[in-house]
Amino acid sequence: MLGQALSEHVGVFELAAHDPALRWQHIQRAGEHECPFRGCIVHVGEFVALLRHRQCRDVVHIGAHDEYGARCPSPVHGVDDDERVDMQHQFLHEVDAADAGFDHPDGAGNALLDQPLDHRRAEAIVTTQDVSYSCDQHCHIRGGYGSLMDVQNALDEFEQRLARYPADRYPVQHATAQFHLGVLLTDADRLEEAAQALDVATALLPPDGLIAEHAKATNARGVVFRLAGHLDDAASAFERAAAAFATTELGREHGAALFNLGLVQRDRGDAAAAADCFRQAGDRFDADTAPGEAGAAARELGATLLVKGELDAARETLESAVSLADRAADTAGLGASANLLGLVHLGADRPDDAVAAFRDALGAHPRTVRPGEHAMAKANLALAYERTGATDHAYLAAVQALGVPGVAEPVREQAEASLERLGLRYGAVLPVLDQEPQDRWPVLVREELARWSDAEPSQRRAECAGWLDGQLARRAAAADLAEVWLGALLELPPDAMISLIRAMLEAIADRGEEDVERFRSTVSRTVVRFPIPQWMRLADSFNAVATELGQEASWG
């Protein structure tokens, strides 16, 4: 069993970075899990703790004509340059980073709403358009309207449609509007209203005449049941939806319902039943045409197998999940799968492989885009490095996990435990640079300076003092170290850059004249390696801060 593999817990499974309501729960209290295994500490000796997102989302439905394909249920999916999401996809069971999108709810357009429709024309109304979830503060929709509208405007639009198409005259159009209204209300966490809307939709869509449409509404109703904590009702709804889809040619929708059922089975503590559902869902997702969906099923199956202690099967499944997420260009899914794979390697006492997997997870979870997931992977990487005996790397990874603003409490506890074992130190990046090829220095130093810039002023000064000690002690590499440090400064926002220059000059003020002159001389010689605009910016910034501090302004 996994619990016998190690004597301490292994790491954090997954988390939703932008949700402040993250929780730490024990496997013994499985009945209380709101959405198990999306974020957890893998137990390998004492307990398995679960870090949960309160709003884990399910698959509403998957459209066969979805241009982008359904995406896997990871905490943050696809963020553009300003960290906002332009569209979302249907295959979700928890929130995306910002925006939700769906096509025009009429499918073929408003003209179809001009007259009552019989069941034979229902597919033109309840189409396979995107219906996604988000409960972020910036929920938007992108649809046939040709522009972005906030969710409240969309809710108002559907309320108007309901009034325009009463159920007694336009039952299918009314059901369609109720369906989409229910989904948007679910996004807004207005679950009681969402349940009412979806109940109307399912009642108006006869299961014998509009099989697929009724099943989609039933699936959406199951999501609301699950979010409200009514797991038995949710399971029943997903079972009915899956059975209905099985009679159609909608394999992706069938897979989505099975996937949702797997989530509920896991919520109920039945890992075996959950694994069976995820396997069946994966069988219905074509890895060639829908690698994102197939990768999501593989990842959730791998997570379930990991908690069951079936490490060999979990490794094989998660390796497939990583590959599928990569093919789907789903970086969030890739990061989640790689993180799980790293935990499998740790549980199987393969720490070197775990290091590689967690580094892959970090590559998929940039600090500025998915800070929560980045911190999680860093904390896990610290454990893996510690297991390999690379204590310098372990310390750096742990302290960088703690340095991410707003780090979740379970991640914080894990990283602090690592630091307690490893001992406090400053200038931690320098011993790591000694062991790494020089072409990796810029990446390592950039991330370290980002941590310093987020720290309290006293800690910034202590870190700069540690760097100063290390650079002065490494005479042969002093210029190269100064160059990479200055280069990392230039990549920071202006205020952060100035704050670190100030911290360094304050640290220097406590040194003897010889140390001050050596460091100033090294910096002055090194800035000329940069293009003239950058050289001048550095020199001007150092001199301005030096003047402010009452020091000699002779930098550069």
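Given the structure is predicted, the values throughout are model-derived calculations rather than measurements.

Cut-offs and rules
- Residues numbered from 1 in each chain as written.
- Predicted model: local features only at pLDDT ≥ 70, side-chain atom pairs only at ≥ 80, totals over all residues.
- Heavy atoms only, no water.
- Helix = DSSP H or I, 4+ residues; strand = E, 2+ residues; numbered from the N terminus.
- Buried < 20%, exposed > 50% of the residue type's maximum accessible area, 1.4 Å probe, protein only.
- Areas by Shrake-Rupley, 256 points an atom, 1.4 Å probe, with all protein chains shown as cover.
- Salt bridge = Lys/Arg side-chain N within 4 Å of Asp/Glu carboxyl O.
- Phe/Tyr/Trp six-rings, centres within 6.5 Å; stacked < 30°, edge-to-face > 60°.
- Core = buried A, V, L, I, M, F, W, Y, C linked by side-chain atoms within 4.5 Å.
- Contact = heavy atoms within 4.5 Å.
- Expected span 1.5 Å × (residues − 1).
- Axes fitted to C-alpha atoms, helices over the stretch in contact; angles between N-to-C directions.
- pLDDT = per-residue confidence, 0-100.
- Parallel < 35°, antiparallel > 145°, perpendicular 65-115°, else oblique.
- Left-handed = near helix turned anticlockwise from the far one by under 90°.
- Nonpolar A, V, L, I, M, F, W, Y, C, P; charged D, E, K, R; others polar.

(A) Structural context of the overall build of the protein. A count of helical and extended segments in the protein gives 22 helices and 5 strands. Residues classed as buried in the protein amount to 59% of the 556 residues present. As displayed, the protein has an accessible area near 21,300 Å², and 48% of this comes from carbon and sulfur atoms.

(B) Region of the structure containing the pattern of salt bridges. What the rule picks out here adds up to 29 salt bridges. Where R252 meets E293, a salt bridge forms, and the shortest distance between an N and an O atom there is 2.4 Å. Pair noted here: R252 is in helix α7 (residues 251-267) and E293 is in helix α9 (residues 291-308), with a separation of 41 residues, a long-range link. Looking at E293, the relative accessible area reads 0%, which means it is buried. Residue R350 is joined to D353 by a salt bridge in which the shortest nitrogen-to-oxygen separation is 3.9 Å. In this structure R350 comes out as partly exposed when scored by relative accessible area, which is 24%. Connected via shared salt-bridge partners are R266, R299 and E300.

(C) Geometry of the packing of aromatic side chains. What the rule picks out here adds up to 5 aromatic pairs. Centre to centre, the rings of F519 and W555 are 6.1 Å apart; their planes meet at 70 degrees, and the pair counts as edge-to-face. Note that F519 is positioned in helix α21 (residues 513-527) and W555 in the segment after α22 (532-548), a separation of 36 residues in sequence. By the burial criterion, F519 is buried, and W555 matches it.

(D) Inspection of the nonpolar core at higher detail. Residues L433, L449, W467, W485, L486 and L489 are the most contacted members of the largest nonpolar core, which totals 107 residues. Not counting residues within four places of it along the chain, the set of residues in contact with W485 comprises V445, L449, W452, W467, M504 and F542. Core analysis: the next-biggest nonpolar cluster, separate from the first, contains 35 residues, A154, L155, A217 and A237 among them.

(E) Region of the structure containing the side chain of S541. Considering the arrangement of structural elements, one finds S541 in helix α22. The residues touching S541, leaving out its near neighbours within four places in the chain, are M497, I498 and I501.

(F) Up close: unusual backbone geometry. For D189, which is not glycine, the phi dihedral falls at a positive 60 degrees. As for its placement among the helices and strands, D189 is situated in the loop between α3 (171-187) and α4 (191-204). Here D189 falls in the partly exposed class, since its relative accessible area comes to 31%.

(G) Looking closely at α21. Along its 15 residues, α21 runs 21 Å from first to last C-alpha, staying within 8% of the 21 Å computed at 1.5 Å per residue. Buried-residue contacts for α21 involve α18 (457-473), α19 (478-490), α20 (494-508) and α22.

(H) Molecular detail of the environment of L263. Mapped onto the elements, L263 comes out in helix α7. Sequence spacing of L263 and A273 is 10 residues, and the spatial spacing of their C-alpha atoms is 9.7 Å.

(I) Just the packing of helix α17 (residues 441-454) against α18, in detail. Interhelical geometry of α17 versus α18 gives an angle of 145 degrees and a closest axis separation of 9 Å. In this structure, α17 contributes V445, E448, R451, W452 and S453 to the contact, and α18 contributes Q459, R460, E463, C464 and W467.

(J) The confidence of the model for the protein, seen in detail. On average, residues of the protein score 77 in pLDDT, and 73% of them reach the 70 mark or higher. Contacts for the low-pLDDT stretch residues 15-57, under 50 throughout, to residues beyond four places or in other chains number 166 contacts. Confidence drops under a pLDDT of 50 for residues 60-148, and excluding neighbours within four residues, the segment shows 309 contacts in the predicted structure.

(K) Structural context of helix α5 (residues 211-227). With 17 residues, α5 extends 25 Å from end C-alpha to end C-alpha; this agrees with the ideal 24 Å at 1.5 Å per step. Of all 17 residues that make up α5, 16 are buried, and the element is covered over most of its length. Phi turns positive, to about 85 degrees, at G229, one or two residues after α5.

(L) Region of the structure containing the packing of α7 against helix α8 (residues 271-284). Orientation of α7 relative to α8, taken along the N-to-C sense of each, is 165 degrees, at an axis distance of 8 Å. It follows that α7 is roughly antiparallel to α8 by the angle criterion. For the element pair α7 and α8, the recorded crossing hand is left-handed. Contact with α7, carried on its side by G251, R252, H254, G255, L258, F259, L261, G262, L263, Q265 and R266, involves A273, A274, C277, F278, Q280, A281 and R284 of α8 and no other residues of that element. Along the lines of polarity and charge, the residues of the contact of α7 with α8 split into 9 nonpolar, 6 polar and 3 charged.

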